[in-house]
Amino acid sequence: MKIIFKITTIAVVLCFLQLQLMAQEKTLAERLGYKKGDKLLIINNDDSGMSYASNQGTIKGMQEGLISSSTIMFNCPWSTDIVNFALANPNKHFGVHLTLTSEWKMYKWGTVAPADQVSSLLDPHGYLWRSVEEVYQHGKPEHAYLEGKAQIQKALNYGLNITHIDSHMGTYQLHPDYIAQYVKLAKEFNLPLRMASQATCAKFGQENLRKDCEKLGLVFVDYLIYEEMQHYNDDVEGFWLKVIGDLKPGVTELYLHASDETNELPVITGSWKKRMAELEVFTKSTKIRDLIAAKQIHIISYKQLLDLQRGN
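Everything numeric in this text was worked out from a predicted model, so none of it was measured.

Bringing the pairing of strand β1 (residues 39-48) into the picture now. In terms of burial, β1 is largely enclosed, as 10 of its 10 residues are buried. With seven bridges connecting them, β1 and strand β6 (residues 250-256) associate as parallel partners. The residue of β6 that forms the bridge with Asn 45 is Leu 256. Both β1 and strand β7 (residues 297-300) contribute to a ladder of four bridges, which runs parallel. Counterpart to Leu 40 in the pairing with β7 is His 298. The sheet contact formed by β1 and strand β2 (residues 69-72) spans three bridges and is parallel. From the neighbouring strand, Asn 44 faces β2, where its bridge partner is Ser 69.

Here is the structure:
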């Protein structure tokens, strides 16, 4: 009887291990309920909360266009405006655009965390450093963690069901010490995080990053349109038609800065024309919509990744 019991126990354990292995071998698309060869696309609008123009770009892009996710800059003056929209529209999905830089010359912001707790992140005028390089030169990674935590907590204090985190200007994703804080925040708050493709990670000396994050139970896309942005020109529609036409099977994220036409936008940023064009393309372009339909691309949001990570 004991031998039979032991054999049965071993069989059960082996079966469990086999099921675990099968689950690990599934592609992200399959884990999300799609077929292995399906193409899934997240269209994320960065910089919500930065300005009224960026907020309106997100709202119009979500309501009238193809934008499926967005991330909010919670240390910017216009964040409350987009928070009100998010609270009134729980079917729209928002994450936190973790922000350690204040890059514009005439429009500035500081930290969410108390200044004396994250002083290395602030320039002599009390604003965040203007460039990523200045953050790395003057900032302390532990202060980046505290500021990121404060920004996420601010979002949660509003009652928002935050779906993911990403990084404004890539500051949390371009230096090993800051990547560590980024991953720590994702794990602590149990949130998916924007992640570069394996080829990009390897190129930047982060060959094991994706695998290490998988071991922590974090969920992230297969591909991020990042290196392709080096060739982003004034032909906004043409560029994105090429990108979407070249999508590989799996889950891809592309990010925009789609913004509405306002008097403030040209004063804030020299990229205002492209930001307005992105809104136009992803709300009104029939070519983009037709291509997505022809390629049978599924538009999803980070909410699906959040549910998968949390086992919902």
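So, about the pattern of salt bridges. Across all of its chains, the model carries 10 salt bridges by this definition. A salt bridge links Arg 194 to Asp 46; the nearest nitrogen and oxygen atoms lie 2.9 Å apart. Residue Arg 194 is found in the loop between α7 (176-189) and α8 (198-203), and its partner Asp 46 is found in strand β1; the two are separated by 148 residues along the sequence. For Asp 46, a relative accessible area of 3% gives the class buried. Measuring nitrogen to oxygen at the nearest pair gives 3.1 Å for the salt bridge that ties Arg 194 to Asp 166. Placement of the pair is Arg 194 in the loop between α7 and α8 and Asp 166 in strand β4 (residues 165-167), with a sequence separation of 28 residues. For the pair Arg 194 and Asp 166, a shared accessibility class is recorded, and that class is buried. Among the ionic contacts, a cluster of salt bridges with common partners joins Asp 46, Asp 166, Arg 194 and Glu 253.

With phi around 75 degrees, Asp 47 is a residue other than glycine that occupies positive phi space. The topology assignment puts Asp 47 in strand β1. Even without a glycine there, the phi angle at Asn 190 is positive, about 55 degrees. Residue placement: Asn 190 occurs in the loop between α7 and α8. On the accessibility criterion, Asn 190 (32% relative accessible area) is partly exposed.

What follows covers the environment of Arg 130. Summarising the element assignment, Arg 130 is placed in the loop between β3 (94-98) and α5 (132-138). Look at Arg 130 and you get partly exposed, because its relative accessible area is 42%. Each residue touching Arg 130, except ones within four places of it in the same chain, is listed here: Thr 101, Ser 102, Glu 103, Trp 104, Lys 105, Lys 108 and Met 169. Within the structure, Arg 130 has its side chain in polar contact with the backbone oxygen of Glu 103 (distance 2.8 Å).

The alternating pattern of β2 places Ser 69 and Thr 71 and Ser 70 and Ile 72 on opposite faces, both of which are buried. Note that β2 and β3 share three bridges and pair parallel. Bridging across to β3, Ile 72 finds its partner in Val 96. Handedness of the crossover is the feature at issue here: the chain leaves β2, passes through helix α4 (residues 79-88), returns alongside β3, and the resulting connection is right-handed.

Take Ser 54: it is sitting in helix α3 (residues 52-63). There is a polar contact of 2.9 Å between the side chain of Ser 54 and the backbone oxygen of Ser 51. If we ignore the near neighbours within four places in the chain, the residues touching Ser 54 are Asn 45, Asp 47, Ser 48, Gly 49, Ala 258 and Ser 259.

By size, the foremost hydrophobic cluster in this structure holds 77 residues, and its most contacted members are Ile 165, Leu 193, Trp 240, Ile 244, Leu 254 and Phe 282. Counting residues per element, this core draws most heavily on α7, which supplies seven residues. Listed in part, the 11 residues of the second largest apolar core include Leu 40, Val 219, Val 221 and Val 251.

Relative to the 24 Å expected for 17 residues at 1.5 Å per residue, helix α6 (residues 141-157) spans 24 Å between its end C-alpha atoms, a close match to the ideal helical length. Turning to α6, its buried residues number three or more, namely Pro 141, His 143, Ala 144, Tyr 145, Glu 147, Gly 148, Ala 150, Gln 151, Ile 152 and Ala 155. Here the buried face of α6 lies against β3, β4 and α7. Downstream of α6 by a residue or two, Gly 159 has a phi angle that is positive, lying close to 90 degrees.

Definitions and cut-offs
- Residues numbered from 1 in each chain as written.
- Predicted model: local features only at pLDDT ≥ 70, side-chain atom pairs only at ≥ 80, totals over all residues.
- Heavy atoms only, no water.
- Buried < 20%, exposed > 50% of the residue type's maximum accessible area, 1.4 Å probe, protein only.
- Helix = DSSP H or I, 4+ residues; strand = E, 2+ residues; numbered from the N terminus.
- Pairing = 2+ DSSP bridges.
- Salt bridge = Lys/Arg side-chain N within 4 Å of Asp/Glu carboxyl O.
- Contact = heavy atoms within 4.5 Å.
- Polar contact = N/O pair within 3.5 Å; in protein donor to acceptor, adjacent residues only side chain to side chain.
- Right-handed = clockwise from strand over helix to strand, strands pointing away.
- Core = buried A, V, L, I, M, F, W, Y, C linked by side-chain atoms within 4.5 Å.
- Expected span 1.5 Å × (residues − 1).

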